[in-house]
Amino acid sequence: MDIDAILDLGTLSSDPLRLYTLATVVTVIVTTGLLAVLRLPGAWIPLRTWFVILPVALGAMWLGQGAWTLLVAVVSVLAFKEYARVTGLYRETLFVLLAYGAIITQNLFAYLGRYDVFMAIPTWTVLAMALVPIVLRRTEGMLQWFALAIVGAIFYGYFLAHLSYLYGSSTGLGYLLFVLLMTQLNDALQFIYGKAVGRHRWTPLSPNKTVEGSLLAGATIVGLTFLQAPIVFPGVPPWGVLVAGLIITIGGQVGDLTMANVKRNAGVKDFGAVLPGHGGLTDRLNSLMITAPAFAHIMGYLFGGFPS
Amino acid sequence: MSEPRFEYEPFPDLDLPLAARLGQYPRQPDLLLDTARALGRRLAATALRLQFRFEVVGAAPDLPRVAIMANHQSHLDTLAILAALPERDRRRVTVLAARDYFFERPAPALLANLLGQAVAFDRGSELAELHRWARLLPTIEPGWFLIYPSGSRKRLVPQAGLAGVLARSGWTVLPTALAGTAEAWPIGHALWRPFRTVRVTFGEPITDAAEHDLPRELLAFWAEHGHLVGAGALDGRPTEVPHEP
């Protein structure tokens, strides 16, 4: 595809990947310019990390479904490893290997479009994990490791693999790009609004969450969802568009708080240090763990658009 | 009846960047890195044996705590000693390498750790580092260490430092001499020169090393069995290898 075809504005609305890639490039340039002017301390490090995340994610999508699925699988495995190291589950090798297997298998069948197997894998994963204490002939701590391994396999395997599954939507890449980019924007907006005007904290799970930040981010996301509706949600009624926006903003916070709960219980600040300015991979993926499956199943049930 | 509670035990290196994680000792379990290290050491040993004429004199003892102490004048030294050991012994060797040289950036840290089984030794704060190792050694599982008592490829005379700490902590010292590595990959050269002869000589293990004058005995062993590039007469005690670019 040559550069003229990429920049052809006439056909842009029919090609969400091209549209969102250009929008991302413009957003990054504008944000960089703003930061250069405002000289906000501490903002450059997370932005520099975005300079790596965005080309990798969008590049994989441009390469095709195989590359995207591989990226999701690899990132999910590495993020699960963070979770296992934070909780101490990583010392239980058999549980960890089963979770890795579940993550890889889940993404493989998302790639193959086998909805029946995709939905059955969590069942088989739990059954396999139930065998571990029996095989190891151990009881001490086993309930804890069993529970943590199931939570990990579901969140990092089944839930995140919906990102691979969304690539195969018959409505095109619009759904996937919408979920991916709006969820990340929702996270950023909550933080920015919270810092700027947030006064009232609403949860002990995350001291950065404020009523003002959450509501303003929610309103902005719903507004942006309606703006994108003609491209991403053609044929979806306005109430459906509203549902899509609410899934992103509410689901994103639920995912964030769920993983914050894990961190608080384990007594750590971040899941890792692999993404400077962000923390670990899980600190960037936590919201997607809820928004991706919630969006896929709710929108799929209401309006179709997925292989099944 | 008391209520059972979940007890979390996060890994202590969560906040460390990759290079620092690779350099830490004791190592934290890591399925990926442990597997890569197992493959890496076999790969490096095979590659070395294919590229050089390899001679091994003597054998390593079958003891739980062994400190291999070798002369050091080339990047090939570690790989040569690992290649000279059977896999059973090779897998339990931990190599102490300079933090400032190998463990400040991910790429050299990965190479040193995965091919050479290296962990970091901080030459910059040597006294504090020696105290740290002296506290650590009695608490760890039995294992083998490979150290270079001279502390640098550009120095010939062994220092008492870590060698003394290991000796006093009950580690059996295995004097080891290398010959040919300095010519096969000289200091200052970007690449090695294949098809040369490399010889690794294992001496008699010293089980009561704390009672010995280790620097003198090691230097004598190296001078007899190794090839100390730049060394004059032993009693001259050369301290520096002639300058190379």
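Structural data are supplied above this passage.
Note that this is a predicted model, so its numbers are computed, not measured.

Procedures and definitions
Residues numbered from 1 in each chain as written. Chains lettered and ligands numbered in written order. Predicted model: local features only at pLDDT ≥ 70, side-chain atom pairs only at ≥ 80, totals over all residues. Heavy atoms only, no water. Helix = DSSP H or I, 4+ residues; strand = E, 2+ residues; numbered from the N terminus. Contact = heavy atoms within 4.5 Å. Polar contact = N/O pair within 3.5 Å; in protein donor to acceptor, adjacent residues only side chain to side chain. Buried area = accessible area lost by both parts, 1.4 Å probe. Salt bridge = Lys/Arg side-chain N within 4 Å of Asp/Glu carboxyl O. Nonpolar A, V, L, I, M, F, W, Y, C, P; charged D, E, K, R; others polar. Core = buried A, V, L, I, M, F, W, Y, C linked by side-chain atoms within 4.5 Å. Buried < 20%, exposed > 50% of the residue type's maximum accessible area, 1.4 Å probe, protein only. Expected span 1.5 Å × (residues − 1). 1 Å grid on protein atoms, 1.4 Å probe; cavity = no way out; pocket = protein on both sides within 12 Å on 5 of 7 lines; lining within 4 Å. Points joined across faces, edges and corners; volume = space filled by probe spheres on them. Pairing = 2+ DSSP bridges. Axes fitted to C-alpha atoms, helices over the stretch in contact; angles between N-to-C directions.

(A) Molecular detail of the environment of Lys 209 of chain A. All names here are of chain A. One can find Lys 209 in the loop between helix 9 (174-197) and helix 10 (211-232). Taking the C-alpha atoms as reference points, Lys 209 and Gly 141, 68 residues apart in sequence, are found 33 Å from one another. Ignoring any residue separated from it by four or fewer positions in sequence, one finds Lys 209 in contact with Gln 190, His 200, Arg 201, Trp 202, Thr 203, Ser 214, Gln 253, Asp 256 and Leu 257. Here Asp 256 takes part through its side chain, which lies 2.5 Å from a polar atom of the side chain of Lys 209.

(B) Inspection of the interface of chain A and chain B at higher detail. Of the residues lining the interface, 22 residues belong to chain A; the matching set on chain B comes to 16 residues. Summing both partners gives a buried area of about 1600 Å² for chain A against chain B, and 59% of it is carried by carbon and sulfur. The interface formed by chain A and chain B includes three salt bridges. Of the charged contacts in the structure, one is a salt bridge between Lys 81 of chain A and Asp 30 of chain B, with a shortest N-O distance of 2.6 Å. Run the count over chain A and chain B and you get six residue pairs in polar contact (both at pLDDT 80 or more). Of all the secondary-structure elements, those providing two or more residues to the side of chain A that touches chain B are helix 4 (65-87), helix 5 (93-112), helix 7 (142-159) and helix 11 (238-266) of chain A. No other element matches the five residues that helix 7 of chain A contributes to the side of chain A that touches chain B. Of the residues that constitute the side of chain A that touches chain B, the class distribution is 13 nonpolar, six polar and three charged.

(C) Quick peek at the nonpolar core. Counting 78 residues, the largest nonpolar core has Trp 68, Phe 80, Tyr 156, Phe 178, Phe 233 and Phe 295 of chain A as its most contacted members. Ranked by size, the runner-up nonpolar core spans 37 residues in total, among them Ala 45, Phe 54, Ala 80 and Leu 146 of chain B.

(D) Structural context of helix 2 (residues 16-38) of chain A. Residue and element names in this part refer to chain A. Taking 1.5 Å per residue as the helical rise, helix 2 with its 23 residues ought to reach 33 Å, and the 32 Å between its terminal C-alpha atoms agrees with that figure. Within the span of helix 2, buried status applies to Pro 16, Leu 17, Arg 18, Tyr 20, Thr 21, Thr 24 and Leu 35. Two residues or fewer after helix 2 comes Arg 39, characterised by a positive phi angle close to 50°.

(E) Main features of empty space enclosed by the protein. Tallying each qualifying case throughout the model produces two cavities of 30 Å³ or more. Of the pockets and cavities examined, the largest cavity occupies roughly 90 Å³. Surrounding the largest cavity, Arg 85 of chain A together with Asp 13, Arg 21, Leu 22, Gln 24, Arg 27, Gln 28, Pro 29, Asp 30, Leu 33, Arg 37 and Asn 113 of chain B form its lining. Elements supplying a minimum of two residues to the lining of the largest cavity: helix 1 (18-23) and helix 2 (31-51) of chain B. Taken together, the residues of the lining of the largest cavity sort by class into three nonpolar, three polar and six charged.

(F) A look at the sheet that holds strand 1 (residues 53-57) of chain B. All names here are of chain B. Strand order across the open sheet formed by seven strands is 1-7-6-2-5-3-4, with mixed pairing between neighbours. The strands lining the two open edges of the sheet, one partner per strand, are strand 1 and strand 4 (118-121). The average undirected angle you get between the axes of adjacent strands in this sheet is 25°. Taken together, the four bridges between strand 2 (residues 66-70) and strand 5 (residues 144-147) define a ladder with parallel strand orientation. Within the sheet, the bridge partner assigned to Ala 67 lies in strand 5 and is Phe 145.

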